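# Reading the structure
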Amino acid sequence: MVEKIKAVGLNDKGELGVKYVEKPPMGSDEVLVRPTAVAPCTSDIHAFFGEDTITEDLGKLVLGHEAIGVIVEAGEDVKDFKVGDKVVIPCTTPDWNCEAAQLGCHINATADDGYDMYVQDMLTGIKYPNTKMGVFCELINVSQADLNLAHHPEDVSVESALMVTDMVTTGFTGAENAKIETGDTVAVLGIGPVGLMAVAGAAIMGAGRIFAVGSRPICTELAREYGATDIIDYHDGDTIQQILEATDMKGVDATIIAGGNNDIFIDAMNITRPSGNISNINMISKGDTIPLPVDAFAFGLADKTIRSSLCLGGRRRAEQLLKMVKYGRVDPSKLITHKFHGFEAIVDALLMMKDKPRDLVKPIVYLD
Ligand code: NDP
Ligand code: ZN
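Small disclaimer: the values here were computed from a predicted structure and weren't measured.

Let us look at helix α5 (residues 193-204). Helix length check: α5, at 12 residues, gives a terminal C-alpha distance of 17 Å against a target of 16 Å (1.5 Å per residue), a fit within 8%. Of all the 12 residues making up α5, 10 are buried; the element is thus mostly covered by neighbouring parts of the structure. Along α5, the positions that sit buried rather than exposed are Pro 193, Val 194, Gly 195, Leu 196, Met 197, Ala 198, Val 199, Ala 200, Gly 201 and Ala 202. A positive phi of about 105° marks Gly 206, the residue just after α5.

See the structure below:
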């Protein structure tokens, strides 16, 4: 008989809820992990409630991509991990044996259709919950376990380890792609948990001045703790005007986009100086185009670089970030504002993430 396990997604009543799914299979280089703590992400909300859902069949969807846990089964070819190990599961778990991985863009790395990288493979490095069940499930399959898992260091808290799976790597990816140099002025547009980790990343990379743009008081407070020097509330007037005036009309060296909708690119293009960098980590789920204002784009000729990326993943990335936590460079556990217990509470945490009360930064659900 097929073993059934609990998962969170669209249930029989057509609602978000707990349902039963088949136990995931496990290959020889794979493991099954029992999650001990999970967290919902704004991207789960885009996936489930957004206008452009990332899956065609919501009925099959099991949400979630942020989890840590304990290995309960391990394939015979897995070398560095064994049953009972506490592990951190990066939300991006690529196939490392394909063309995209060899090109250095593992966020698109899938070997499902052979070695080749196709345009339609974009973002397939994040499998949960796009090409396999998400992590809001009693058992999580991790492929290429030796390359995609990290051991959970004893002196890193549950909360921090969980934030490494997505929030830290995403925020830091934003800061890295902004190519920040010592003393740079940086603007971070959006300071939810992702933007806050971008602020922390920018500070660590040596930014001199950091504008944090947002309005929730809990987020502006944390932004200062993570290294922001100036807070801009986008409700207090045009963000472009506020930042240009504060910089004597020079603009910023780099902008990281971590919130807002398509129009946020208008702000980014206008506040970033010529030859500056714009780094997007925000998921845009509406409309067909992203606007690039002609004036700020200098008739299409402005020497401004735009990069966009999914968060970097895999084992080494997670180990590097866990080192940043372990040795006190960043404390992502401060992002946790709400705590839940038990599998059913994952639904409550997701709904809270959808409603975004003003005192929320990030919820956690403990499962053991
Ligand atoms: P939140 O909703 O918690 O934060 C969004 C932030 O944007 C808030 O600070 C909000 O301000 C701010 N904001 C909203 N409108 C504007 C505006 N017009 N100008 C400036 N700031 C604005 O989101 P998260 O931090 O959880 O996630 C951010 C994005 O990152 C999401 O789109 C998510 O899907 C994406 N993401 C991307 C990943 C990747 O790999 N690239 C991974 C994980 C998430 P206020 O304080 O007023 O609420
Ligand atoms: Zn996410």
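Following the structure, the description resumes.
Bringing the nonpolar core into the picture now. In this structure, Ile 180, Tyr 226 and Ile 256 are the most contacted members of the largest nonpolar core, which totals 49 residues. Taken together, the elements giving at least two residues each to this core come down to α4 (158-177), β8 (185-189), α5, β9 (209-213), α6 (217-226), β11 (252-257), α9 (315-326) and β15 (362-366). Ranked by residue count, the leading element in this core is α4, at eight residues. Of the domains in this structure, domain 1 (4-167 + 311-366) and domain 2 (173-308) are the two that each give at least three residues to this core. Core analysis: the second largest hydrophobic core is formed by 35 residues, Ala 67, Phe 136, Ala 145 and Phe 343 among them.

Segmentation of the chain into domains returns domain 1 (4-167 + 311-366) and domain 2 (173-308). Distance from the C-alpha centre of domain 1 to the C-alpha centre of domain 2: 27 Å. Between domain 1 and domain 2, a total of about 1,900 Å² is buried, with carbon and sulfur atoms accounting for 61% of that surface. Remark: the boundary between domain 1 and domain 2 carries two salt bridges. Here Glu 225 ties to Lys 334 by a salt bridge, and the two come within 3.0 Å at their closest N and O atoms. For the interface between domain 1 and domain 2, the tally reads seven residue pairs in polar contact (both at pLDDT 80 or more). Here the residues of the side of domain 1 that touches domain 2 are counted per class, giving 11 nonpolar, three polar and 10 charged.

Our next topic: unusual backbone geometry. Looking along the chain, the bond that leaves Tyr 128 and enters Pro 129 is cis, with omega of -5°. As for its placement among the helices and strands, Pro 129 is situated in the loop between α2 (99-103) and β6 (140-142). We note that Ser 275 has phi near 65°; this positive angle belongs to a residue other than glycine. Secondary-structure assignment places Ser 275 in strand β12 (residues 272-280).

Here we come to the pairing of strand β3 (residues 31-38). Most of β3 is tucked away: seven of the eight residues are buried. Summarising the sheet, β3 and strand β4 (residues 67-74) pair through seven bridges and their orientation is antiparallel. In the strand pairing of β4, Pro 35 is matched with Gly 69. Alignment of β3 against β6, held across three bridges, turns out to be antiparallel. Counterpart to Val 33 in the pairing with β6 is Ile 140. Where β3 and β15 come together, two bridges link them in antiparallel fashion. Looking across to β15, one finds that Val 38 is bridged to Val 365.

Rules used throughout
Residues numbered from 1 in each chain as written. Chains lettered and ligands numbered in written order. Predicted model: local features only at pLDDT ≥ 70, side-chain atom pairs only at ≥ 80, totals over all residues. Heavy atoms only, no water. Helix = DSSP H or I, 4+ residues; strand = E, 2+ residues; numbered from the N terminus. Expected span 1.5 Å × (residues − 1). Buried < 20%, exposed > 50% of the residue type's maximum accessible area, 1.4 Å probe, protein only. Core = buried A, V, L, I, M, F, W, Y, C linked by side-chain atoms within 4.5 Å. Domains from an automatic or database assignment. Buried area = accessible area lost by both parts, 1.4 Å probe. Salt bridge = Lys/Arg side-chain N within 4 Å of Asp/Glu carboxyl O. Polar contact = N/O pair within 3.5 Å; in protein donor to acceptor, adjacent residues only side chain to side chain. Nonpolar A, V, L, I, M, F, W, Y, C, P; charged D, E, K, R; others polar. Pairing = 2+ DSSP bridges.

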